[in-house]
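Fold and geometry: a report
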Amino acid sequence: MKFKKLIVLSVVVSAGGCANPINQVTADNYQQTCFAAEHNGNLLVAEEACGRALTNVAWGNLGPAERSQKQYNLARIKRQLAKFPEAEELMKQSLAIEESLPSPSPLRIGRRLVELSASLAGQEKWKEGAPYLTRAYELTDHFSPREKKYTAEVLAAYSEEFQREGNTEAGLKFAAMASAIEE
């Protein structure tokens, strides 16, 4: 009798450490709902759906790459909702995961750096965001035209802020980066 209980317990413990396909499907369904809601401008529904997608990744033990992607998606929505501290934390977690993967993707890292710098700008943390944005600029060759345009907008905002503060050197540096991307 003890042997049967031990086998059942070991099967349950082993299953808990494996990726769960049901959670993968559920997370993907929530992610699609998130994207559709975002596309329709319903950011509160998008936030809820992206949050549930991330939860299912955790419950299903779906791995760091999947967790990073869901954190990134939720952070983007939170940034759009001006929930900048929450977006910052999620983006930092996602960036740390991406940088620790065996084959880090410059595209994914660059996207996270831009979003992180935008979230920091939303909190008036321009100086903290500047190094992230500078790193992102170095990866823009991997970006789509739309991503390059957004990055140029963020760079221009940083340029304006630094020039407004009297830091002309930094302001001109970010302006030059923005112009280089737009060419």
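All values derive from a computational prediction rather than experimental measurement.

1. Section: the packing of helix H2 (residues 21-39) against helix H4 (residues 64-80)
- Between H2 and H4, the shortest axis-to-axis distance is 12 Å and the interhelical angle comes to 25 degrees. Here H4 runs roughly parallel to H2, going by the angle between their axes. Handedness of the H2/H4 crossing: left-handed. Contact residues: H2 offers Gln24, Ala27, Asp28, Gln31, Cys34, Phe35 and Glu38, while H4 offers Glu66, Lys70, Asn73, Arg76, Ile77 and Gln80.
- In the contact of H2 with H4, the residues fall into 4 nonpolar, 4 polar and 5 charged.

2. What to know about the pattern of salt bridges
- A full pass over the atoms with the stated rule returns 17 salt bridges.
- Among the salt bridges present, the one from Glu48 reaches Arg52, with a minimum N-O distance of 2.6 Å. Highlighted residues: Glu48 and Arg52, both in helix H3 (residues 43-59), separated by 4 residues, approximately one helical turn.
- Residue classification places Glu48 among the partly exposed positions, given a relative accessible area of 44%.
- Since its relative accessible area comes to 40%, Arg52 is described here as partly exposed.
- A salt bridge links Lys70 to Glu66, with the shortest nitrogen-to-oxygen separation between them at 2.6 Å. With Lys70 and Glu66 both in helix H4 and 4 residues apart, this pair spans about one turn of that helix.
- If you follow the salt bridges from partner to partner, you end up with Glu47, Lys78, Lys83 and Glu86 in one network.

Definitions and limits used
Residues numbered from 1 in each chain as written. Predicted model: local features only at pLDDT ≥ 70, side-chain atom pairs only at ≥ 80, totals over all residues. Heavy atoms only, no water. Axes fitted to C-alpha atoms, helices over the stretch in contact; angles between N-to-C directions. Helix = DSSP H or I, 4+ residues; strand = E, 2+ residues; numbered from the N terminus. Parallel < 35°, antiparallel > 145°, perpendicular 65-115°, else oblique. Left-handed = near helix turned anticlockwise from the far one by under 90°. Contact = heavy atoms within 4.5 Å. Nonpolar A, V, L, I, M, F, W, Y, C, P; charged D, E, K, R; others polar. Salt bridge = Lys/Arg side-chain N within 4 Å of Asp/Glu carboxyl O. Buried < 20%, exposed > 50% of the residue type's maximum accessible area, 1.4 Å probe, protein only.

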